[in-house]
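# Breakdown of the fold
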Amino acid sequence: MPQEQEQKRTQRKSGGAGGEGDAGQTEATSKGQKLKEEMDEILDEIDSVLEENAEEFVKSYVQKGGE
Amino acid sequence: MAIPKVVGTETEYGISAVGSPDFNPVLSSSLLISTYAGTLRRIRWDYEQESPLRDARGFEPVQMREPAEEDLGLANVILPNGARYYVDHAHPEYSTPECTSPRDLVIHDKAGERVLERSLAELHKILPPGERIAIYKNNSDGKGNSYGTHENYLVERALPFGAIVRDLTPFIVSRQVFTGAGKLGTEGAWDDGHRHTFQLTQRADFFEAEVGLETTLKRPIINTRDEPHADPDKYRRLHVIIGDANMSEVATFLKVGTTALVLKMIEDEYLPDLSLANPVAALHEISRDLACTATVRLADGRRLSAVEIQWEYLERAKKYVEQEDPGPDNEAVVQRWEAILMALEEEPLSLHRELDWVAKYRLLQGYIERDRLDWSDPKLRLVDLQYHDVRRDKGLYHRLAASGKVERLVTDQEIERAVMAPPEDTRAYFRGSCIAKYGGAIAAASWDSMIFDTGGDALQRIPMREPLRGTRLHVAALLDRAPDAGTLVELLRT
């Protein structure tokens, strides 16, 4: 279970990362908004290149071991 | 005084045929490589000096060698940039030429990606319509099968192997916080309870031993393969098999730069004993700790986090570089190392421009939040895989790079140049230049030899047992004076 706890913790920290130190509430909000917009932009771009049929595609990716 | 750290990486790329169940990865890898290499294909690899089962601890080989891939007629070529490009097991593998600085290594590691990308484009010109091959620079298929990315470092033979094991293991275990390429899920046989969570590295799940010769099962943190590809009385080639394939230039730079520096400090007995109580358990624990705060126990009883262990190394490295080994390359490594550790302490997820695992985790988080996905959604697995696609117009890392969302350390021009041009300050310069100039007269080649067929009765073997000889400085004038291989061999004799 420690992994899950850590993961929650990082998520929480990440959620609060918009407000740094003594930055004002408004500033934090607009920064958070900007981050969200930036992420949406990234995801839109990735949507346009992502392979079709994720489930099938990932299932058929099987490798022989190497080295 | 420690010897210069000549470095190189070998990357086995994942290969698959989209929607083709009868796909043969071995033959497809061979076709991929020979399509790219064209006429270079006829130069044989010279296996004479190779002995992958020789053990650095002095043990006798314990198993028979597999037949060389060469015997099966699979592609195995040396490129004009001094790299080796060949089929290893069921994967195309690219080994960079020897480099002397972490920045050069980044350039040549990236040039390898370009070679694979270009090979793929060439291959698609000859594949039947509708068939498609995909290539990934990663280390796992997410189903328990792993393939490697190995780093190689020149170390002095006189250094006792036990010192490497003692002083390098805690470093390797803790460096995961910046070397990880990130992976969705876990593949350790002992740990199937968290299949849909995320961890720092692709490789940690596949390591079960502390020291050993194996690379394909019961993999060890420290690999003992003793195959120096250089004068065996003077050198070892430390074969580090545990790293992830990095897309991030910062991660590759740090991975190789810090490890080389730590090896120098080991040669100069500059490090305290940081032995871990249980290195294998610590490896797995650190890979699963996204906050980078979990502590692991040292043999002396202390408990330190991975970042704290890294600080122990960095503090010594700063002193070492200042007092023993100043210079711009080392200084750049130490500065970057310190900045990354500070950020890891403050907020690991702030490093999405620098580190692969953070960049990938952020994308996954983005999808989860925007599309309200569960961690088990196949789309997330696709993001994990496609992050490593070598195509610059489809690979997710490359899409981030194209829009300035990740930090670059080298330029596209430098990478393009390195696709054809060898590093100038190692023997790779001689190897690559000979391939480019006298390709038709080279019968075989390897890391430490070139065999010329100059038309006489016997083949002419030129040994290259010093990795730092055969540089541009040493041989450019000689190569200029030799219009053909026969003259070159004559000049080298006199």
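Presented here is an overview of the structure given in this document. (Residues numbered from 1 in each chain as written. Chains lettered and ligands numbered in written order. Predicted model: local features only at pLDDT ≥ 70, side-chain atom pairs only at ≥ 80, totals over all residues.)

### A look at the overall build of chain A
Selection rule: In DSSP terms, a helix is any run of H or I states spanning at least four residues, a strand is any run of E spanning at least two, and both are numbered starting from the N terminus. Neighbour counting defines burial: a residue surrounded by 20 or more other C-beta atoms within 10 Å of its own C-beta is buried, one with 12 or fewer is exposed, and intermediate counts give partly exposed, using backbone-placed C-beta atoms.
Scanning chain A for helices and strands turns up three helices and zero strands. Reading chain A from its N terminus to its C terminus gives the helix and strand order α-α-α. Looking at chain A as a whole, 13% of its 67 residues qualify as buried.

### Section: the overall build of chain B
Going by this rule: The globule rule used here is 2.2 Å times the number of residues to the 0.38 power, and the radius of gyration it is set against is calculated over C-alpha atoms. A pair of residues counts as a contact when their C-beta atoms, built from backbone coordinates, are separated by no more than 7 Å.
Helix and strand counts for chain B stand at 15 helices and 18 strands. The C-alpha atoms of chain B give a radius of gyration of 22 Å, which matches the 23 Å a tight globule of 494 residues would have. Principal axes of the C-alpha set define a box for chain B whose edges measure 70 × 60 × 45 Å. Counting every position in chain B, which comprises 494 residues, the buried fraction comes to 53%. When contacts within chain B are restricted to residue pairs at least 6 apart in sequence, long-range pairs at least 24 apart make up 70% of them.

### Observations concerning the interface of chain B and chain A
How we decide: In the scheme used here, Gly and all other residues not listed as nonpolar or charged are polar, with Ala, Val, Leu, Ile, Met, Phe, Trp, Tyr, Cys and Pro taken as nonpolar and Asp, Glu, Lys and Arg as charged.
Taken together, the 45 residues of chain B in the interface contact 30 residues of chain A. When residues of the side of chain B that touches chain A are traced back to their parent elements, those giving at least two are β2 (14–17), α9 (356–371), α10 (378–386) and α11 (396–402) of chain B. At six residues, α10(B) tops the list of elements feeding residues into the side of chain B that touches chain A. Class assignment for the residues of the side of chain B that touches chain A results in 15 nonpolar, 16 polar and 14 charged.

### As for the sheet that holds strand β4 (residues 76–78) of chain B
Residues and elements named next belong to chain B. We apply this condition: By definition, two strands form a pair when at least two bridges between them are found by DSSP. Only the contacting stretch of a helix is used when fitting its axis, a line to C-alpha atoms as for every element, and angles between N-to-C directions run 0 to 180 degrees.
The sheet built from six strands is open, its strands ordered β4-β5-β6-β1-β8-β13 with antiparallel pairing. On the outer flanks of this sheet lie β4 and β13 (235–240), each paired with one strand and no other. Averaged over all pairs of adjacent strands, the angle between strand axes in this sheet comes to 20 degrees, irrespective of strand direction. Pairing of strand β1 (residues 7–12) with strand β6 (residues 91–95) involves three bridges; the strand directions are antiparallel. Within the sheet, the bridge partner assigned to glutamate 10 lies in β6 and is serine 95. Sheet contacts for helix α1 (residues 25–37): β4, β5 (84–88) and β6; angle to β5, the most-contacted strand, approximately 165 degrees.

### Some words on the packing of helix α13 (residues 428–438) of chain B against helix α14 (residues 472–481) of chain B
Each pair of packed helices gets described by two things: the angle between the helix axes and the distance between those axes. Residue and element names in this part refer to chain B. Our working definition: In this scheme, roughly parallel covers angles under 35 degrees and roughly antiparallel covers those over 145, while 65 to 115 is roughly perpendicular and the rest are oblique. Take the far helix as the reference: if the near one is turned anticlockwise from it by less than a right angle, the crossing is left-handed, and if turned clockwise, right-handed.
Packing of α13 against α14 leaves a shortest axis separation of 10 Å and a crossing angle of 25 degrees. Here α13 is positioned roughly parallel relative to α14, judged by the angle of their axes. Crossing of α13 over α14 shows right-handed handedness. Mapping the contact onto sequence places Tyr429, Phe430, Ser433 and Lys437 in α13 and Arg472, Val475 and Leu479 in α14. Split by residue class, the contact of α13 with α14 holds four nonpolar, one polar and two charged.

### Some points on the nonpolar core
Residues and elements named next belong to chain B. Put simply, the rule reads: By convention in this section, buried Ala, Val, Leu, Ile, Met, Phe, Trp, Tyr and Cys residues joined through C-beta atoms within 7 Å make up a nonpolar core.
Counting residues in hydrophobic clusters, the biggest one holds 132 residues, and the most contacted among them are Ile33 and Tyr85. The biggest single contributor to this core is helix α5 (residues 249–267), with 11 residues. Excluding its chain neighbours within four sequence positions, the residues that come into contact with tyrosine 85 are Ile33, Ala37, Val77, Leu79, Tyr94 and Val115.

### Re the environment of Phe198(B)
Residues and elements named next belong to chain B. Among the structural elements, phenylalanine 198 can be located in strand β10 (residues 198–199). By the C-beta count within 10 Å, which is 23 here, phenylalanine 198 ends up buried. Remark: the alpha-carbon pair of phenylalanine 198 and tyrosine 94, spanning 104 residues in sequence, is separated by 28 Å. If near-sequence neighbours (up to four positions away) are discounted, phenylalanine 198 is found in contact with Gly182, Leu184, Leu290, Tyr361 and Leu364.

### Some details on α10(B)
Across the nine residues of α10(B), seven count as buried, placing the element largely inside the fold. Taken together, the buried positions of α10(B) are Leu380(B), Arg381(B), Leu382(B), Val383(B), Asp384(B), Leu385(B) and Gln386(B).

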